[in-house]
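Coordinate inspection notes
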Amino acid sequence: PALLDAIAEAAVRRGLREFKPQELSNTAWGYATAGHAAPALLDAIAEEAVRRGLRDFNSQGLANTAWAFAAADRPAPALFGGDAFVQRCEAERGFGPEELRQLHQWQLWQEERGAAWPPLPPALAQRCRDAFCQEEGAPSRLQRDVAASLRALGLAPREEERTPQGYSLDAVVSHGGREVAVEVDGPWHFLGRTPTGATALKRRQLRAAGWALLPVPYWEWDALGSKAAKQAYLRAALEGLGGTDGAAGDSA
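Residues numbered from 1 in each chain as written. Predicted model: local features only at pLDDT ≥ 70, side-chain atom pairs only at ≥ 80, totals over all residues. Heavy atoms only, no water.

**Let's talk about the overall build of the chain**
Note the threshold: Helix numbering and strand numbering both begin at the N terminus, where a helix is a DSSP run of H or I of at least 4 residues and a strand a DSSP run of E of at least 2. As defined in this context, the radius of gyration uses C-alpha atoms, and a globule is described by 2.2 Å times the residue total to the power 0.38. Accessible area is worked out with a 1.4 Å probe on protein chains only. A residue is then buried under 20% of its type maximum, exposed over 50%, and partly exposed in between. It only takes one pair of heavy atoms within 4.5 Å for two residues to be counted as in contact. Accessible surface is estimated by sampling points in the Shrake-Rupley manner with a 1.4 Å probe; for residues, cover comes only from the protein chains shown. This count recognises Lys and Arg as positive and Asp and Glu as negative, with His and chain-terminal groups excluded. Every charge is mapped onto a representative atom, which is NZ of Lys, CZ of Arg, CG of Asp or CD of Glu.
Summing up its helical and strand segments, the chain has twelve helices and six strands in all. Its C-alpha atoms give the chain a radius of gyration of 20 Å, near enough to 18 Å, the size a compact globule of 252 residues would have. Residues counted as buried form 46% of the 252 residues belonging to the chain. Contacts spanning at least 24 positions in sequence make up 68% of the contacts within the chain whose residues lie at least 6 apart. Here the chain displays about 12000 Å² of accessible surface, and carbon together with sulfur accounts for 53% of that area. Within the chain, one finds 28 positive and 32 negative side-chain charges whose respective centroids are separated by 2 Å.

**Observations concerning helix H12 (residues 227–241)**
The cut-off we apply is this: A helix is expected to span 1.5 Å for every residue after the first.
With 15 residues, H12 ought to run about 21 Å at 1.5 Å a step, and its terminal C-alpha atoms sit 22 Å apart, in line with that. Looking at the packing, one finds that the buried side of H12 touches helix H9 (141–152), strand S2 (168–175), strand S3 (178–185), strand S6 (212–217) and helix H11 (218–222).

**Looking at the pairing of S2**
Each regular strand displays side chains that alternate between the two surfaces of the sheet. What counts here: Should DSSP find at least two bridges between two strands, the strands are taken to pair.
Within S2, seven of the eight residues are buried, which leaves the element mostly enclosed by the surrounding structure. Taken together, the four bridges between strand S1 (residues 158–162) and S2 define a ladder with antiparallel strand orientation. Each residue of the ladder has a partner; that of arginine 162, found in S2, is serine 168. Relative to S3, S2 runs antiparallel, the two being bridged by five bridges. When the bridges of S3 are listed, valine 173 appears paired with valine 180. As consecutive antiparallel partners, S2 and S3 are separated by two residues, and within that stretch glycine 176 has a phi angle of approximately 65°, a positive value.

**Here we look at the packing of helix H7 (residues 97–113) against helix H8 (residues 122–134)**
Put simply, the rule reads: Convention adopted: a line fitted to C-alpha atoms gives each axis, helices being fitted over their contacting stretch, and angles between N-to-C directions are expressed from 0 to 180 degrees. For classification, angles of less than 35 degrees are called roughly parallel, those exceeding 145 degrees roughly antiparallel, those between 65 and 115 degrees roughly perpendicular, and all remaining angles oblique. Under this grouping Gly is polar, as are all residues other than the nonpolar Ala, Val, Leu, Ile, Met, Phe, Trp, Tyr, Cys and Pro and the charged Asp, Glu, Lys and Arg.
Packing of H7 against H8 leaves a shortest axis separation of 8 Å and a crossing angle of 110°. Taken together, the axes of H7 and H8 lie roughly perpendicular to each other. Facing H7, whose interface residues are Pro97, Leu100, Arg101, Leu103, His104, Gln105 and Gln107, H8 presents Leu124, Ala125, Arg127, Cys128, Arg129, Ala131 and Phe132. Residues belonging to the contact of H7 with H8 are distributed by class as follows: eight nonpolar, three polar and three charged.

**What to know about the sheet that holds S3**
Backbone hydrogen bonds hold the strands of a sheet together, and the pairing may be parallel or antiparallel. Spatially, S1-S2-S3-S6 is the arrangement adopted by the four strands of the open sheet, whose pairing is mixed. Each of the sheet's edge strands pairs with one partner strand only, and the pair in question is S1 and S6. Here the average twist between neighbouring strands, direction ignored, is 40°. Where S3 meets S6, six bridges bridge the pair, whose relative direction is parallel. Bridge pairing in S6 places valine 184 opposite valine 216. Across the sheet, H9 is in contact with S1, S2, S3 and S6; its angle to S3 comes to roughly 145°.

**A few points about the packing of helix H4 (residues 59–72) against helix H10 (residues 197–208)**
Basically, it comes down to this: Put simply, a crossing is left-handed when the front helix is turned counterclockwise from the back one by less than a right angle, and right-handed when it is turned clockwise.
Where H4 meets H10, the closest approach of the two axes is 9 Å, and the angle between their N-to-C directions is 65°. Along this stretch, H4 crosses H10, giving a crossing that reads as left-handed. Judged by residue contacts, Trp67, Ala70 and Ala71 of H4 engage Gly197, Ala198, Leu201 and Arg204 from H10. Of the residues assigned to the contact of H4 with H10, the class counts are five nonpolar, one polar and one charged.

**Quick look at H10**
Since there are 3.6 residues in each turn of an α-helix, residues three or four apart along the chain are aligned in direction. Spanning twelve residues, H10 covers 16 Å between terminal C-alpha atoms, matching the ideal 16 Å at 1.5 Å per step. Those residues of H10 that sit buried are Gly197, Thr199, Leu201, Lys202, Arg203, Arg204, Gln205 and Leu206. Of the residues flanking the end of H10, it is glycine 210, one or two places downstream, whose phi is positive at about 100°.

Worth remembering: the numbers are spatial, not functional.
Written out as structure tokens, the structure reads:
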């Protein structure tokens, strides 16, 4: 963290005029992926991108930049508040599936914030949603184990359920008169024990859509030895949701 803070401070102090467009977008993406807050750096990147009119930003640069600000939840009205960004996206013909998925999460961020900035053109927005919904997850051994424990509790989990926003949920159970999304997070969802930017973004956008969320981090699950202990963990976590959408392991 101290190194990332020092890099961000130095970059802002020196200015970003020497950065190539890819370097601007990669820097924003890197900090957002690490889940490391750098608001002054992101503001400077947005200002520099606007100064250049997004010239020479390719499909990856546009998508990485949009996703980074969504993941960091850092408003950039100068960058997104006018027509320049969406017009540049509309003119770009090179978006691949991953870039379209990133732009879909940027669209969800717009809904999440109730922002009034211009949306993507309908045809492009639909392509983004289609790409996001076509991504299929393969249940891991960890996920199957959690689902088996939920079934043992009589909860009949519905696995890989798709939300109206397009997210795929590991499991959904009915508990306490409401639907609860159970997200089983393996090692690739964390840097150390801190959620990656992608993991934090998904959690935040699910909550914004009204989901009660129960994350199950791998190290807590792996520490449970017996089936009885696993069932007790889930029972306590579900009861602990109460009237909020916090969860066991969610402070990681």
